[in-house]
Number of protein chains: 2
Amino acid sequence: MTTKYTYFDFRGLGESIRYLLRYAGIDFEDIRITFEEWPKLKPTTPFGQMPLYEEKGKTINQSLAIARYIAKKANLVGRNEWEDLEIDAIVDTINDIRQKVTENYFESNAEYKEYIKRGPLFKETLPYYFDRLEKIAKENLGYMAIGRLTWADFYFAAVASALTHFSGTDLLKDRPYLQTVKNRVESLPPIKKWIEVRPTSDF
Amino acid sequence: MTTKYTYFDFRGLGESIRYLLRYAGIDFEDIRITFEEWPKLKPTTPFGQMPLYEEKGKTINQSLAIARYIAKKANLVGRNEWEDLEIDAIVDTINDIRQKVTENYFESNAEYKEYIKRGPLFKETLPYYFDRLEKIAKENLGYMAIGRLTWADFYFAAVASALTHFSGTDLLKDRPYLQTVKNRVESLPPIKKWIEVRPTSDF
């Protein structure tokens, strides 16, 4: 049975898994759902969300859980349980800031959206997180965790470009170690090749 | 060096790790920070958040990453990578609904807080998640994943009581399989004993 990966027809939250699947050399069907198709598919999914991953006829949701699973196949995890803890912790931290920014981006109440934006999110929270992430990338020699390539780097690289779009700020400017992480992932041959051929989208 | 666990002096997001540490039989210092002490400690933490876990002099944040790490020591994880994926996915789903409810509870803008409450959160999102979680608990014979005891059950049991408090609704009423999950965890001898002696708090 074919391995299938289902997400919207953009990069967003789903792209890190596309990176990992390609890096792992897993043959999969890259299914892309349009906004028109989504309302029909949504009620058939486990919790009304994408991405979805299907293997041997079994389907599962939750982007980070799927990413961690593919990372194990790609040998992008730690060598021991503490290393995995460090990877998991930084991934969850990157996810925290991703969530805050995307929830604001997709907030439909214009007044509240501005209230968050004008409030702490853009002026305080984003710089706070990215300054600390830069420090961590420096300590880890241009990686997000444990001083070598892991799925945390793939997750960061994919999320960083989405957040730059959503926030309207170049979050990697003057943060050379985070830029190194992103460049490193995007220079890996399977990822470089994928970036050249992938469908274009705003984020 | 002593193993230390640092969180606020309530159960909240931190209690599932206290459960796991006790179930694993790990000797640890249960450090509880008051609201008065927190502003002083906050800038010294990795990302201004608790809980924090310290082992052999190394400190790390992120509740789910810590919980997964302790779960490995307690043999509360899967037998293979797909089982771990199933556990991770349901934990992240429980965490999604936990986040929505707690963020609303702690929202300081009264108008927006009501806008969310009156909107989809209480009337749609909470029942949507808990109905699906009940179905999953039924399919898994009174467990949250893979038909046997895992850290997903510990996470659910601890989160369910916090959410009942935050939402003001008994979310386990008429959901017997979710009630079974919670009862099972709370009946385990180390957890039962801990519940009897732990400090009291509203949530």
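Going by what an unreviewed UniProt entry lists, chain A is known as glutathione transferase and is assigned to Popillia japonica. What UniProt records for chain A under Sequence similarities (unreviewed entry) is the sentence "Belongs to the GST superfamily. Sigma family." We quote the UniProt Subunit (unreviewed entry) comment for chain A here in full: "Homodimer."

## Thoughts on the overall build of chain A
Along the backbone of chain A there are 8 helices and 4 strands. Start at the N end of chain A and walk to the C end: the helices and strands fall as β-α-β-α-β-β-α-α-α-α-α-α. On C-alpha atoms alone, chain A measures out to a radius of gyration of 17 Å, which is about the 17 Å that the 2.2 N^0.38 rule sets for 203 residues. Over its C-alpha atoms, taken along the principal directions, chain A stretches across nearly 45 × 45 × 35 Å. Considering only contacts within chain A whose residues lie at least 6 apart along the sequence, 68% involve residues at least 24 apart. If you sum the accessible surface of chain A, you get close to 9,300 Å²; carbon and sulfur atoms cover 50% of it.

## Things to note about the sheet that holds strand β2 (residues 28–33) of chain A
Residues and elements named next belong to chain A. Pairing is mixed in the open sheet, where 4 strands are placed in the order β2-β1-β3-β4. Unpaired on one side and paired on the other, β2 and β4 (58–61) mark the two borders of the sheet. Neighbour-to-neighbour, the strand axes of this sheet turn through a mean angle of 20 degrees, independent of strand direction. Contacting β3 (52–55) and β4, helix α3 (residues 63–73) crosses the sheet at an angle of about 40 degrees to β3.

## Side note on the relation of the copies chain A and chain B
Between chain A and chain B, the superposition needs a rotation of 180 degrees and an axial shift of 0.0 Å, giving an RMSD of 0.0 Å. Put plainly, the chains are arranged around a two-fold axis. Across chain A, the smallest distance between a C-alpha and the rotation axis is recorded for A:Tyr112, namely 3.5 Å. Here 100% of the interface residues in chain A have copies in chain B that are interface residues too; the copies meet face to matching face.

## A word on the interface of chain A and chain B
How big an interface is tends to be stated in terms of the accessible area lost upon association of its parts. Tallying the contact residues gives 40 residues for chain A and 40 residues for chain B. Summing the contributions of chain A and of chain B, the shared interface buries around 3,500 Å²; its carbon and sulfur component is 56%. Summed over the shared surface of chain A and chain B, the number is 4 salt bridges. Between A:Lys72 and B:Asp84 there is a salt bridge, and its shortest N-O distance comes to 3.9 Å. On inspection of chain A and its partner chain B, the count reaches 9 residue pairs in polar contact (both at pLDDT 80 or more). Looking at the side of chain A that touches chain B, the elements that each hand over two or more residues are β3, β4, α3, α4 (81–106) and α5 (110–139) of chain A. Ranked by residue count, the leading element in the side of chain A that touches chain B is α4(A), at 13 residues.

## Re the UniProt feature "domain: GST C-terminal" (unreviewed entry) in chain A
Look at the UniProt record and you will see "domain: GST C-terminal" (unreviewed entry) annotated at residues 80–203 of chain A. Counting secondary structure, residues 80–203 of chain A comes out at 76% helix and 0% strand; the distance between its end C-alpha atoms is 35 Å.

## Description of the domain arrangement of chain A
Residue and element names in this part refer to chain A. As assigned here, chain A comprises domain 1 (3–74 + 190–197) and domain 2 (81–187). On a C-alpha basis, the centroid separation for the pair domain 1 and domain 2 is 20 Å. Of the residues lining the interface, 14 residues belong to domain 1; the matching set on domain 2 comes to 15 residues. Note on domain 1 versus domain 2: buried area summed over both sides is about 1,400 Å², and carbon and sulfur give 75% of it. The largest per-residue losses of area from domain 1 upon contact with domain 2 belong to Tyr19, Leu64 and Arg68, which jointly make up 36% of the total buried on that side. Counting across the interface, domain 1 meets domain 2 through 1 salt bridge. A salt bridge links Asp88 to Arg68; its shortest N-O distance comes to 3.1 Å.

## Focus on the UniProt feature "domain: GST N-terminal" (unreviewed entry) in chain A
When the UniProt feature table is mapped onto this chain, "domain: GST N-terminal" (unreviewed entry) is found at residues 1–78 of chain A. Each end of residues 1–78 of chain A is marked by a C-alpha atom, and these two atoms are 30 Å apart; helix forms 31% of the span and strand 26%.

## Quick notes on the packing of helix α1 (residues 15–23) of chain A against helix α6 (residues 151–167) of chain A
Residues and elements named next belong to chain A. Contact pair α1 / α6: the axes reach a minimum separation of 8 Å and the direction vectors enclose 135 degrees. When the interaxial angle is binned, α1 and α6 end up oblique. At the point where α1 passes α6, the crossing takes the right-handed sense. Mapping the contact onto sequence places Glu15, Ser16, Tyr19, Leu20 and Tyr23 in α1 and Trp151, Phe154, Tyr155, Ala157 and Ala158 in α6.

## What about the sheet that holds strand β3 (residues 52–55) of chain B?
Hydrogen bonds along the backbone pair up the strands of a sheet, which may run parallel or antiparallel. Reading across the sheet, the 4 strands line up as β2-β1-β3-β4 (chain B) and stay open at both edges, with mixed pairing between neighbours. Because the sheet does not close on itself, it has two edges, and the strands there are β2 (28–33) and β4 (58–61) of chain B. The average undirected angle you get between the axes of adjacent strands in this sheet is 20 degrees. Pairing analysis gives 4 bridges linking β3(B) to β4(B), with the strands arranged antiparallel. Its bridge partner being in β4(B), B:Tyr53 is matched across the sheet by B:Ile60. Relative to the sheet, α4(A) contacts β3 and β4 of chain B, its axis offset from that of β4(B) by approximately 40 degrees.

## Digging into the side chain of A:Asp88
Structurally, A:Asp88 is set in helix α4. You can call A:Asp88 buried: its relative accessible area is 3%. Here the side chain of A:Asp88 touches B:Arg68 through a polar contact of 2.8 Å, side chain to side chain. Beyond its immediate sequence surroundings of up to four residues, A:Asp88 is in contact with A:Arg68, A:Trp151, B:Ala65 and B:Arg68.

Conventions we followed
- Residues numbered from 1 in each chain as written.
- Chains lettered and ligands numbered in written order.
- Predicted model: local features only at pLDDT ≥ 70, side-chain atom pairs only at ≥ 80, totals over all residues.
- Heavy atoms only, no water.
- UniProt positions renumbered as here; feature names shortened; annotations may be inferred.
- Helix = DSSP H or I, 4+ residues; strand = E, 2+ residues; numbered from the N terminus.
- Rg over C-alpha atoms; globule rule 2.2 N^0.38 Å.
- Contact = heavy atoms within 4.5 Å.
- Areas by Shrake-Rupley, 256 points an atom, 1.4 Å probe, with all protein chains shown as cover.
- Pairing = 2+ DSSP bridges.
- Axes fitted to C-alpha atoms, helices over the stretch in contact; angles between N-to-C directions.
- Least-squares fit on C-alpha atoms with pLDDT ≥ 70 in both.
- Buried area = accessible area lost by both parts, 1.4 Å probe.
- Salt bridge = Lys/Arg side-chain N within 4 Å of Asp/Glu carboxyl O.
- Polar contact = N/O pair within 3.5 Å; in protein donor to acceptor, adjacent residues only side chain to side chain.
- Domains from an automatic or database assignment.
- Parallel < 35°, antiparallel > 145°, perpendicular 65-115°, else oblique.
- Left-handed = near helix turned anticlockwise from the far one by under 90°.
- Buried < 20%, exposed > 50% of the residue type's maximum accessible area, 1.4 Å probe, protein only.

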